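Architecture at a glance
Listed below are the residues making up each chain.
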Amino acid sequence: MHPRKAITALTLACAMVATPALVATPASASASASASASASAKPNLRACYDGKCKFTFTRAVNFRVSSRSYGFSRVYVSKEYMSGMFNQDMVVVRAPGMTSSLGEGARGEFRYGKKRTLNFRVLSITDQGATIRFEG
């Protein structure tokens, strides 16, 4: 196995161990209707330029960040099914030259050179989409 693949597999395995189990709780009809309405609304990604935002997405999205602060100018976020070892949906965050696949509750970070670190955390993953928070 190639060393990069082995490191990626180990990183994903650690993320899976740190990921809390999902607990199903009943929700009222009005609460689920408002949750689906907020999930279908398009997130305001311009607020993410400073690296600090929280949004729910149902499709793959990308947004600009300050290249002066972080050393890269665009971040791509998607929800993808990881087959094989994990067999579950995970959030994939990409920037030029960097990729991180995270399960629910997991944290990640991107750092380019001596620039600021872009920290992020997956808050939830559902069948409809996922919620992620970028903490700058």
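Predicted model, so just to flag it, every value in this text is computed and none were measured.

Structural notes on the nonpolar core
Proteins that are soluble and globular tend to have nonpolar side chains buried together. Counting residues in hydrophobic clusters, the biggest one holds 26 residues, and the most contacted among them are Phe55, Val77, Ile132 and Phe134. Sorting the residues of this core by element identifies β1 (52–57), β2 (61–64), β3 (74–82), β4 (88–95), β5 (98–102), β7 (117–125) and β8 (130–135) as the ones contributing at least two each. The dominant element in this core, judged by the number of residues it contributes, is β7, at 4 residues. Not counting the four nearest positions on each side in its chain, valine 77 is found in contact with Phe55, Phe57, Arg59, Ala60, Val61, Phe63, Val91, Val92, Val93, Ile132 and Phe134.

Observations regarding the sheet that holds β3
Taken together, 4 strands build an open sheet; the order of strands is β2-β3-β4-β5 and the sheet is antiparallel. Both edges of this open sheet fall to β2 and β5, since each of them pairs with a single strand only. For this sheet, the mean angle separating the axes of adjacent strands, direction not counted, is 20°.

Digging into the pairing of β8
Looking at chain direction, β1 and β8 are connected through 6 bridges and run antiparallel. Directly across from phenylalanine 55, in β8, lies its bridge partner isoleucine 132. Taking the residues between adjacent antiparallel strands as the criterion, β7 and β8 are bridged by 4 residues.

Details of the pattern of salt bridges
Throughout the structure, instances matching the rule amount to 4 salt bridges. Notably, a salt bridge pairs aspartate 89 with lysine 79, separated by 3.7 Å at the nearest N-O pair. You can see aspartate 89 sitting in strand β4 and its partner lysine 79 sitting in strand β3, a full 10 residues away along the chain. Judged by relative accessible area, lysine 79 falls into the partly exposed class, the value being 24%. Where glutamate 135 meets arginine 107, a salt bridge forms, and the shortest distance between an N and an O atom there is 3.7 Å. With glutamate 135 in strand β8 and arginine 107 in strand β6 (residues 107–111), this pair connects stretches of sequence that are 28 residues apart. Put simply, Arg107, Arg133 and Glu135 are held in one network by salt bridges that share partners.

Observations concerning the state of the cysteines
The full count for this structure, using the stated rule, is 1 disulfide. One disulfide in the model links cysteine 48 with cysteine 53; its S-S distance is 2.0 Å. Between cysteine 48 and cysteine 53 the sulfur-sulfur dihedral comes to about 100°; the bridge is accordingly right-handed. On the basis of relative accessible area, cysteine 48 is assigned to the buried category, the value being 1%.

Some points on the packing of aromatic side chains
Counted by the stated rule, this structure contains 8 aromatic pairs. On the numbers, 5.9 Å between centres and 85° between planes, the contact of phenylalanine 55 with phenylalanine 63 is edge-to-face. Like phenylalanine 63, phenylalanine 55 is buried. Summarising the aromatic geometry, the rings of phenylalanine 110 and phenylalanine 120 are spaced 5.1 Å apart at their centres and angled 70° between planes, so their arrangement reads as edge-to-face. Residue phenylalanine 110 is found in strand β6, and its partner phenylalanine 120 is found in strand β7; the two are separated by 10 residues along the sequence. Residue classification places phenylalanine 110 among the buried positions, given a relative accessible area of 3%. Through successive ring pairs, a cluster of aromatic residues spans Phe55, Phe57, Phe63, Tyr70, Phe72, Phe110, Phe120 and Phe134.

Calculation criteria
Residues numbered from 1 in each chain as written. Predicted model: local features only at pLDDT ≥ 70, side-chain atom pairs only at ≥ 80, totals over all residues. Heavy atoms only, no water. Core = buried A, V, L, I, M, F, W, Y, C linked by side-chain atoms within 4.5 Å. Buried < 20%, exposed > 50% of the residue type's maximum accessible area, 1.4 Å probe, protein only. Helix = DSSP H or I, 4+ residues; strand = E, 2+ residues; numbered from the N terminus. Contact = heavy atoms within 4.5 Å. Pairing = 2+ DSSP bridges. Axes fitted to C-alpha atoms, helices over the stretch in contact; angles between N-to-C directions. Salt bridge = Lys/Arg side-chain N within 4 Å of Asp/Glu carboxyl O. Disulfide = S-S within 2.5 Å. Phe/Tyr/Trp six-rings, centres within 6.5 Å; stacked < 30°, edge-to-face > 60°.

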